[in-house]
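Structural overview for review
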Amino acid sequence: MDGDKPVAAKLRWPGELVPGEVFEAKLLRKSGSRGVALHPSGREVLVDRLPRDASEGSQLSLMITRAAITERGRFKLAAARPTSATSTSTDSPIEAGKPVRSFPDGAWEDIWHAASSGEVKFSGGSLLFAVTPAMTLIDIDGDLSPRELALAAVPEIARWLPLFDLGGSIGIDFPTLEAKADRKAVDAALEHALADWPHERTAMNGFGFVQVVARLEGSSLLHRFATSRIGMAARTALRRAEMVEGPGMTLLTVHPALKAKLKPEWLAELERRTGRPTRVETDPGLAIEAAQAQIVPHD
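Here we summarise the structure given alongside this text. (Residues numbered from 1 in each chain as written. Predicted model: local features only at pLDDT ≥ 70, side-chain atom pairs only at ≥ 80, totals over all residues. Heavy atoms only, no water.)

With that out of the way, let us pick up the overall build of the chain. Scanning the chain from terminus to terminus reveals six helices and 16 strands. Summarising its shape, the C-alpha atoms of the chain cover approximately 70 × 60 × 35 Å along the three principal directions. Here the chain holds 299 residues, and 41% of them are scored as buried. Long-range contacts, defined here as pairs at least 24 residues apart, represent 67% of the contacts in the chain between residues at least 6 apart. Just so you have it, the chain exposes about 16,200 Å², and 52% of that area is on carbon and sulfur atoms. A distance of 6 Å separates the average location of the 37 positive side-chain charges in the chain from that of its 39 negative side-chain charges. (Helix = DSSP H or I, 4+ residues; strand = E, 2+ residues; numbered from the N terminus. Buried < 20%, exposed > 50% of the residue type's maximum accessible area, 1.4 Å probe, protein only. Contact = heavy atoms within 4.5 Å. Areas by Shrake-Rupley, 256 points an atom, 1.4 Å probe, with all protein chains shown as cover. Lys, Arg positive; Asp, Glu negative; His and termini not counted. Charge placed at Lys NZ, Arg CZ, Asp CG, Glu CD.)

Right, dumping it as structure tokens:
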């Protein structure tokens with residue numbers, strides 16, 4: 001946060017292997033400098049930069065470099081590499097028992113809804129985000145002239161890349177700009193807008209396409225919605241139930257598909273945090289993302 005303005009966001013689900021985590025692992029398979037190791041949790045992780053003398057069955061100290069990623073049609077194991085570090089704390093502030101700052105009203109919700117819809121509007125146009133296994137694509141649409149639209153989109157792109165926690169390969173489809181000077185102007189604007197965001201990129205080609213490559217540490221918010229929309233909606237339903245205030249019982253109304261995702265231990269944690277009992281009802285007329293929470297008299 002910069003004051004009350006969100007500048008970057010990251011979402012972590014409990015139990016995920018987090019970049020920076022150091023652990024002792026057994027090397028299961030090796031092929032050259034790459035292999036597969038066993039995490040203490042029982043999960044397999046991909047390993048690169050293995051030393052020549054590392055043998056199958058040996059113990060290694062590894063560090064997670066990329067969380068596991070679910071994509072349409074496949075699951076990519078978490079990635080790790082050997083390290084000399086002994087331990088690294090990856091606890092969230094809540095897990096570490098540290099004070100947590102509350103978000104200003106709507107700050108997280110605005111980001112969540114933008115990631116859910118895959119669209120960000122700005123004056124004169126909009127950014128449309130699409131997740132594919134190969135890259136995240138950003139299409140730019142609007143009523144301005146091609147040069148004006150492209151330049152107006154640049155600061156919005158720079159703003160939402162970190163807000164969506166995007167990494168990996170990102171393709172930006174700008175309006176086609178015939179004049180080389182116009183393409184150079186957009187390239188210069190991108191260089192300035194992304195100066196503080198580590199990345200590499202190509203110059204705009206004659207069709208208005210720019211490719212950006214940034215470090216990939218895990219699933220972006222867009223990827224989570226693309227592969228776990230119901231899971232995202234279920235967790236947000238619990239957040240809404242936690243935020244309502246007052247005495248009585250929490251009534252959480254959700255789409256039927258969400259009810260099966262609400263694990264008993266999650267509901268128990270909700271009751272512990274709020275100090276109120278919770279009742280879950282379903283309404284097939286609700287959208288997946290439109291869970292409702294309210295306080296009702298205790299039965």
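Turning next to empty space enclosed by the protein. Per the stated rule, a full pass over the model turns up one cavity of 30 Å³ or more. Only β5 (69-71) and α4 (221-243) provide two or more residues apiece to the lining of the largest cavity. In terms of residue count, the dominant contributor to the lining of the largest cavity is α4 (three residues). In terms of residue class, the lining of the largest cavity is built from three nonpolar, four polar and two charged. (1 Å grid on protein atoms, 1.4 Å probe; cavity = no way out; pocket = protein on both sides within 12 Å on 5 of 7 lines; lining within 4 Å. Points joined across faces, edges and corners; volume = space filled by probe spheres on them. Nonpolar A, V, L, I, M, F, W, Y, C, P; charged D, E, K, R; others polar.)

Between its first and last C-alpha atoms helix α3 (residues 180-193) spans 20 Å; for 14 residues at 1.5 Å apiece the expected length is 20 Å, and the two agree. Considered for burial, the residues of α3 that qualify are Asp182, Arg183, Val186, Asp187 and Leu190. Angular distribution of buried residues about the axis of α3 spans 140 degrees; they occupy a single face of the element. Of the residues in α3, the exposed ones pointing more than 90 degrees away from the buried face are Ala181, Lys184, Glu191 and His192. Taken together, the buried residues of α3 touch α2 (146-163), β12 (200-201) and β13 (209-214). (Expected span 1.5 Å × (residues − 1). Arc of directions from axis to C-beta.)

In short, shape yes, function no, at least from these values alone.
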